[in-house]
Amino acid sequence: MVLKVFFPLCCSSADSGILIGRWISEQSSAVVLAVVHFPFIPVQVKQYLGEVQRVTKVSVSVLGSWSNSKQEKEESLSEFLEDLGTIFCHEPWIQISKEGDSKFWSCSTLQKHSKNPQEEEIILVYYDQRKVMLSHLHPPLDTAGQGAEDASKLSAIFDTVARSQVLFMTDRYDEGPVKLTHWQSDGVEASIIVELLKQASVPACMLLTFLLSLVSGICRSRVLKFWPLSFLWSKLSTCEQLGHRLQHLQVISSSKKAQNQNQLMRKANIFVSLLIDVALGILLMSWLYRKNRIGHLADTLIPVADHVAEELQDLLQWLMGAPAGLKMNRALDQVLGRFFLYHIHLWISYIHLLSPFIEMILWYVGLSACLGLTVALCILSDIIALLTFHIYCFYVYGARLYCLKIYGLSSLWRLFRGKKWNVLRQRVDSCSYDLDQLFIGTLLFTILLFLLPTTALYYLVFTLLRLLVVIVQGLIRLLVDLIDSLPLYSLILRLCRSYRLAAGVKFRVLEQQDGKPLRLLMQINPLSYGGVVQMYRLPTYSCYPRDSWASLCKKLFLGELIYPWKHKGDKQN
């Protein structure tokens, strides 16, 4: 039988005493948590361990004795340590002794109450108590079989050390009857700044909770459910991002304590994400308002809009002629070209009508960057959508006209084959047509077929322009989602204190000596950066369509409208 003893490195220089910890019978393992050194009274030690067990719900007991003799080992001390096994009554009674500065310790077990005592092979595993207590073990996501069993064994050891935090609150400066040696025996780690922030966070969270409840009450009011406001709230990226950040603020300011490590990490990731987002937004705002960059941006916006309109006019003039040598239907070509040219004329008039107010609008829009860089990027996406609204209109007109002709041709093609579409049963059924229906169907099919190339060319050109705008908005949306979903606190923790995010452990074999127990050093394997992002990634409000290339090409061929993304609750056409 192999007995594993997990011994903390911080106790290797402790004075002689008794070992307290937890015995895990399923694994034949003893997790040493601290050393109670002499002098002590056994009754007081038992009372103290009872209080610790009541608070931590961990079966803490006396596991054995620890002897650290600077000089030669005394027989009286050895006998006294053996007699302690009759007082505390633990099977097996572990005896660990260190002689001088030797790296090789003697380790043995006593089984006084066993009828058939067996000689056990002992493995001494050293571990860093501070790192194990502060770390959070993340088992692999695809654990199964033996891997899941090993993960459960490791989690029992990590859980034992983490739940025994009350045991580490006493140090050598306490005047209690029990003197302990553990990782905080030289003094409990504390920070005045952290304590002040904890005291100040309570009224700050109460005030923030009240303000957020007021804002959320206004957002849930019936005024915003009327048609114009509800439509704008659901379509503008800025409104969606503000609602998303409002939910984040409610999570942070909640007085409800985190139930587990994942909820705590989620709150920390949201807080750091908000902090960095606002910091980047303030930097952007300071850059915009320096050296009158807002005025320069407003002065260049109108010429850029005029240049885009002129390019569109030249494109339409090219389509109204003989584009790429193609023979178009001249009547339909002239009607469509003049129709779109009139829209461009209206758009230019609209831009010049707003030109005196553009600088003031940009000035107030720049102030919104103090709410965060993501809000500023969403406003930029909405501004691009408004400035290219005429391109969107061209795309919708061309797509609807092309879609109408495609569905008309498909319906007339079924007429030639003696079939029709059954609306009630959603299938194609056979049908008999008379001569007049076939004659009219032939005329309509011929007209639609010869007008299709002209319509398809306009649809193709405007679809390419729409896709260009969609790509720009999609890149902005990806950047916003990256800032929203990236677990920055977890990544910083992985970079600075990688042991806090443990994916597992590895055992390094130390120098051995004949007649001494096997010595292993337990080291923590940190979680990979990809695993950190996968495990702690924050949810976003936009869900990207998972269309394949075949589905996308089918939609483009049939003239269905495409969007860069769709919000939750929206139906894609």
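Named according to an unreviewed UniProt entry, the protein is PIGQ acetylglucosaminyltransferase originating from Cettia cetti.

Enquirer: Even after reading the chapter, I still don't get the nonpolar core, so can you show me in this structure?
Expert: Within soluble globular proteins, side chains that are nonpolar generally end up buried alongside one another. The biggest cluster of nonpolar side chains holds 40 residues, and the ones touching the most others in it are Val-45 and Leu-167. Among the elements that line this core, the one with the most residues is helix α4 (residues 146–163), at 5 residues. Not counting residues up to four positions away in its chain, the partners in contact with Val-45 are Ile-18, Val-36, Phe-40, Val-62, Phe-88 and Val-178. With 20 residues, the next largest nonpolar core counts Leu-3, Phe-7, Ala-14 and Leu-63 among its residues.

Enquirer: Looking at this structure, I do not really get helix α11 (residues 358–367). What am I missing?
Expert: Three- or four-residue spacings in an α-helix give side chains the same orientation, since the helix completes a turn every 3.6 residues. Taken together, the buried positions of α11 are occupied by Ile-358, Leu-362 and Gly-366. When α11 is viewed along its axis, its buried side chains cluster within an angular range of 75° and face the same direction. Those residues of α11 that are buried lie in contact with α8 (261–288), α9 (293–319) and α10 (330–354).

Enquirer: What is the right way to read the packing of helix α12 (residues 373–387) against helix α14 (residues 435–485) from this model?
Expert: Think of two packed helices as two axes; the pair is described by the angle between the axes and how far apart they sit. Interhelical geometry of α12 versus α14 gives an angle of 165° and a closest axis separation of 10 Å. Judged on the interaxial angle alone, α14 and α12 are roughly antiparallel. Viewed along their axes, α12 and α14 form a crossing whose handedness is left-handed. Of the residues in α14, those in contact with Leu-373, Thr-374, Leu-377, Cys-378, Leu-380, Ser-381, Ile-384 and Ala-385 of α12 are Val-469, Val-472, Gln-473, Ile-476, Arg-477, Leu-479, Val-480, Ile-483 and Asp-484. Here the residues of the contact of α12 with α14 sort into 12 nonpolar, 3 polar and 2 charged.

Enquirer: Can you help me understand the environment of Leu-457 in this one?
Expert: Following the sequence through the fold, Leu-457 ends up in helix α14. You can call Leu-457 buried: its relative accessible area is 15%. Spatially, the C-alpha atoms of Leu-457 and Gly-398 are 9.2 Å apart, while their sequence positions differ by 59 residues. Ignoring sequence-local partners within four residues, the contact set of Leu-457 consists of Leu-319, Pro-323 and Met-328.

Enquirer: Quick question: what am I supposed to make of the environment of Tyr-458 here?
Expert: Following the sequence through the fold, Tyr-458 ends up in helix α14. Between the C-alpha atoms of Tyr-458 and Leu-401, which are 57 residues apart in sequence, the distance is 9.8 Å. Not counting residues within four places of it along the chain, the set of residues in contact with Tyr-458 comprises Leu-316, Leu-319, Met-320, Asp-333, Leu-336, Gly-337 and Phe-340.

Enquirer: I would appreciate a short explanation of unusual backbone geometry in the present structure.
Expert: Excluding glycine, a negative phi dihedral is what most residues carry, and trans is how most peptide bonds are arranged. Not every positive phi belongs to a glycine, and Ser-28 is a case in point at roughly 50°. Looking at the secondary structure, you find Ser-28 in the loop between β2 (17–24) and β3 (29–37). Take Ser-28: its relative accessible area is 13%, and that puts it in the buried class. For Lys-57, which is not glycine, the phi torsion reads 60° and is therefore positive.

Enquirer: Sorry, what's going on with the UniProt feature "transmembrane region" (unreviewed entry) in the protein here?
Expert: In the numbering adopted here, UniProt assigns the feature "transmembrane region" (unreviewed entry) to residues 200–219, 270–289, 335–354, 361–388, 394–416, 437–461 and 467–492. Secondary structure content for residues 361–388 is 79% helix and 0% strand, and the end C-alpha separation is 17 Å. Within the segment residues 394–416, helix and strand shares are 100% and 0% respectively, and the terminal C-alpha atoms sit 33 Å apart.

Enquirer: Please explain the packing of aromatic side chains as it appears in this structure.
Expert: The geometry of two aromatic rings is summed up by the distance between their centres and the angle between their planes. Counted by the stated rule, this structure contains 17 aromatic pairs. Geometrically, the ring pair formed by Phe-7 and Trp-105 is edge-to-face, given 5.2 Å between the ring centres and 80° between the ring planes. In this pair, Phe-7 is assigned in strand β1 (residues 2–8) and Trp-105 in the loop between β5 (93–99) and β6 (106–110), connecting sequence segments 98 residues apart. On the numbers, 6.2 Å between centres and 50° between planes, the contact of Tyr-458 with Phe-462 is tilted. Here the residue Tyr-458 and the residue Phe-462 both occupy positions in helix α14, the gap between them amounting to 4 residues, near one helical turn. Three or more aromatic residues joined by ring pairs make a cluster, and in this case those are Phe-339, Phe-340, Phe-394, Tyr-397, Tyr-458 and Phe-462. Over the aromatic face of Tyr-529 sits the side chain of Arg-494, whose NZ or CZ is 4.5 Å from the ring centroid.

Enquirer: How do you make sense of the pairing of strand β13 (residues 518–526) when you look at a structure like this?
Expert: It is a general feature of regular strands that their side chains alternate between the two faces of the sheet. Pairing between strand β7 (residues 121–127) and β13: 4 bridges, direction parallel. Paired with Tyr-126 across the two strands is Leu-521, which belongs to β13. Bridge analysis of strand β12 (residues 501–509) against β13 gives 7 bridges, and the strand direction is antiparallel. Looking at β13, one finds that Lys-506 is bridged to Gln-523.

Enquirer: Sorry, what's going on with a nonpolar patch on the surface here?
Expert: On the surface, a cluster of nonpolar side chains totalling about 610 Å² of accessible area is made up of Phe-357, Met-360, Ile-361, Trp-363, Tyr-364 and Leu-367. With respect to the helices, strands and loops of the structure, Tyr-364 is situated in helix α11. Since its relative accessible area comes to 53%, Tyr-364 is described here as exposed.

Enquirer: Got a minute to help me understand the side chain of Asp-277 in this structure?
Expert: Within the secondary structure layout, Asp-277 lies in helix α8. Judged by its relative accessible area of 1%, Asp-277 is buried. A distance of 2.7 Å separates the side chain of Asp-277 from the side chain of Thr-374, its partner in a polar contact. Not counting residues up to four positions away in its chain, the partners in contact with Asp-277 are Arg-245, Leu-371, Gly-372, Leu-373, Thr-374 and Ile-483.

Enquirer: Would you explain the packing of helix α7 (residues 237–252) against α8 in this entry?
Expert: Following both chains from N to C, one finds α7 and α8 inclined at 130°, their axes separated by 9 Å at the closest point. Classified by the interaxial angle, the pair formed by α7 and α8 is oblique. Where α7 crosses over α8, the two elements pack in a sense that is left-handed. Across from Arg-245, His-248, Leu-249, Val-251 and Ile-252 in α7, the residues of α8 making contact are Arg-266, Lys-267, Ile-270, Phe-271, Ser-273, Leu-274 and Asp-277.

Procedures and definitions
- Residues numbered from 1 in each chain as written.
- Predicted model: local features only at pLDDT ≥ 70, side-chain atom pairs only at ≥ 80, totals over all residues.
- Heavy atoms only, no water.
- Core = buried A, V, L, I, M, F, W, Y, C linked by side-chain atoms within 4.5 Å.
- Buried < 20%, exposed > 50% of the residue type's maximum accessible area, 1.4 Å probe, protein only.
- Helix = DSSP H or I, 4+ residues; strand = E, 2+ residues; numbered from the N terminus.
- Contact = heavy atoms within 4.5 Å.
- Arc of directions from axis to C-beta.
- Axes fitted to C-alpha atoms, helices over the stretch in contact; angles between N-to-C directions.
- Parallel < 35°, antiparallel > 145°, perpendicular 65-115°, else oblique.
- Left-handed = near helix turned anticlockwise from the far one by under 90°.
- Nonpolar A, V, L, I, M, F, W, Y, C, P; charged D, E, K, R; others polar.
- UniProt positions renumbered as here; feature names shortened; annotations may be inferred.
- Phe/Tyr/Trp six-rings, centres within 6.5 Å; stacked < 30°, edge-to-face > 60°.
- Lys NZ or Arg CZ within 6 Å of the ring centre and 35° of its normal.
- Pairing = 2+ DSSP bridges.
- Patch = residues over 30% accessible without salt bridge, like charges linked within 9 Å, V, L, I, M, F, W, Y side chains within 5 Å.
- Areas by Shrake-Rupley, 256 points an atom, 1.4 Å probe, with all protein chains shown as cover.
- Salt bridge = Lys/Arg side-chain N within 4 Å of Asp/Glu carboxyl O.
- Polar contact = N/O pair within 3.5 Å; in protein donor to acceptor, adjacent residues only side chain to side chain.

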